[in-house]
Structure formats: C-alpha cells, structure tokens
Amino acid sequence: MLGPLRPQFVLFGSSIVQYSYYEGWGATLSHLYARKADIVLRGYAAWNSRRALQVLDIIFPKDAKEQPSLVIVYFGGNDATLPNPNGLGPHVPLEEYKENMRKIAIHMKCLSKKTRTIFLTTPPINEAQILDNSDPMGLPLKTNEACRVYAEACMEVCRDMNVKAIDLWSAIQKRDDWRDVCFIDGIHLTNEGSKIVTREILKVLKEAAWEPSLYWKSMPA
C-alpha cells in the first residue's frame, strides 16, 4: 500500500488495450491522471469476449473491499476474425459475442454503485496493411466489414444495457487519411490512432453526469 487509496481505473481488453501502454491511449491516460487516479492494465493480446468471461470473477471479484471507479472494456476485434472450420482460433459467433458483452456489463454494474463503465467498439482495420491475412483457402481472416458488424453489435448491447459506449469504428474513419496514419500493422493503433481513442474517452468522461466526476480536470490532485 502506497499512502491513501486513490480512484482506480481499469483498462480491460485484448491487444488494443495491452499495446495502448506503449506510447498509446493507455499511456496518455496514465499521464493525465498521474496525480488523480491509478490506471491499471488488464489487457491481454489474443483475448476475446469468451476468454474475458472465464476470468471475469478473478479480475473483478464482487466481494473485493475496494472496487474500481471506472472500467474501460474492449473486446471484439479477435471475436470478429473469420471462423476456423476446426473450431479453433479467436472467432466468437456474433450472437455469443453480444451475450458475452451483456454479461460483462451486468458484472460491472454489480461491483459497486460507484463503478462506472465505458465500452469501446472494435476499431476499423486496414486490410491492405495486414500481413498473412488469409486462411489456406485464400479467404481473409480479418475484414473491415466484420469489424463494422461487431462494432454495431457492441453499440446495440450498450444501448440496451444503458452503458456508455464509444464507436471507434466510426470515429477513426472520420479522418480522411485514417488508413495511412492510424495503424502500425493494419490492426493496432499508432500514436495518431490512439489520439482519437483518447479524445473520445475524455469526451465521455467530461460530459457524463457522474458524481463524482471522473474527468481529469475535475478531480482533486
């Protein structure tokens, strides 16, 4: 324990979360909230919503003495991968994905009255930039169209659950040159891509009618 407890923000998701700590949106949030809150990484490359459910009670135990003030949830990009005929791989069928995200939202609501949640949809991808993006039959493993479908499904779940959500698939594509500047490898975000994620998260935090406010400029140091 290092002094008095501070608000805890947990970033929960797959590689879009894990890699955000390397000069990305996670690192930016850590900098902005350095004197306000503790930003905790729970992001793991290759995870999907099915894997998230398997560890939900371990990462977010409902009987924990202290619960996070904010959880930012991202799953969908791996779920949207082309299904493998042998059943292996990260793909999760759309209806199962929606149910998994619904269960995650319910779990977060049960943690405490003070715990707030923001869901992030899958961002778009630049298919032309992705290496080895095809199965043995020549079919693409990842497509931007599949990302759109899963992003819309995430937004639908959040509307039904009254959970705040950010449509990254649409937000990133508002930039005319998004294919050229937003991705390291066609999937994961550059600094320019991460700036969009940071902007959208801060916008939600600033506009949310939450008491106490979790916007960095409104929190005590």
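The rules behind each value
- Residues numbered from 1 in each chain as written.
- Predicted model: local features only at pLDDT ≥ 70, side-chain atom pairs only at ≥ 80, totals over all residues.
- Heavy atoms only, no water.
- Phe/Tyr/Trp six-rings, centres within 6.5 Å; stacked < 30°, edge-to-face > 60°.
- Helix = DSSP H or I, 4+ residues; strand = E, 2+ residues; numbered from the N terminus.
- Buried < 20%, exposed > 50% of the residue type's maximum accessible area, 1.4 Å probe, protein only.
- Axes fitted to C-alpha atoms, helices over the stretch in contact; angles between N-to-C directions.
- Parallel < 35°, antiparallel > 145°, perpendicular 65-115°, else oblique.
- Left-handed = near helix turned anticlockwise from the far one by under 90°.
- Contact = heavy atoms within 4.5 Å.
- Nonpolar A, V, L, I, M, F, W, Y, C, P; charged D, E, K, R; others polar.
- Salt bridge = Lys/Arg side-chain N within 4 Å of Asp/Glu carboxyl O.

Peer 1: Report on the packing of aromatic side chains, specifying residues and quantitative values.
Peer 2: Following the criterion strictly, the structure yields seven aromatic pairs and no others. Relative to Phe 75, the ring of Phe 12 lies with its centre 5.1 Å away and its plane at 80°, an arrangement referred to as edge-to-face. Separated by 63 residues along the polypeptide, Phe 12 in strand β1 (residues 8-13) and Phe 75 in the loop between β3 (70-74) and α4 (94-111) bring together distant segments of the chain. Residue Phe 12 is classed as buried on the basis of its relative accessible area of 0%. Relative to Trp 47, the ring of Tyr 44 lies with its centre 4.2 Å away and its plane at 25°, an arrangement referred to as stacked. Judged by its relative accessible area of 30%, Tyr 44 falls in the partly exposed class. Through successive ring pairs, a cluster of aromatic residues spans Phe 12, Phe 60 and Phe 75.

Peer 1: Account for the packing of α4 against helix α5 (residues 144-161), naming residues and giving values.
Peer 2: Here α4 crosses α5 at 40°, and the two axes come no closer than 10 Å. Between α4 and α5, the interaxial angle falls into the category oblique. The two elements α4 and α5 meet at a crossing, and its hand is right-handed. Facing α4, whose interface residues are Leu 94, Tyr 97, Lys 98, Met 101, Arg 102, Ala 105, Ile 106 and Lys 109, α5 presents Val 149, Tyr 150, Ala 153, Cys 154, Glu 156, Val 157, Asp 160 and Met 161. Of the residues in the contact of α4 with α5, the class split is 11 nonpolar, no polar and five charged.

Peer 1: Report on the environment of Pro 7, specifying residues and quantitative values.
Peer 2: Mapped onto the elements of the fold, Pro 7 is located in the segment before β1. Taking the C-alpha atoms as reference points, Pro 7 and Lys 36, 29 residues apart in sequence, are found 7.4 Å from one another. Filtering out sequence-adjacent residues up to four positions away, Pro 7 remains in contact with Lys 36, Ala 37, Asp 38, Ser 69 and Met 219.

Peer 1: Describe the pattern of salt bridges, and please don't skip the residues or the numbers.
Peer 2: For the coordinates displayed, the defined rule picks out 11 salt bridges. With a shortest N-O distance of 2.8 Å, Glu 96 and Arg 50 are connected by a salt bridge. Taken together, the residues Glu 96 in helix α4 and Arg 50 in helix α3 (residues 49-59) connect sequence positions 46 residues apart. Taking the relative accessible area as the measure of exposure, Glu 96 reaches 27% and is therefore partly exposed. Judged by its relative accessible area of 30%, Arg 50 is partly exposed. Each member of the salt-bridge network shares a partner with another, and the members are Arg 175, Asp 177, Glu 192 and Lys 195.

In short, shape yes, function no, at least from these values alone.
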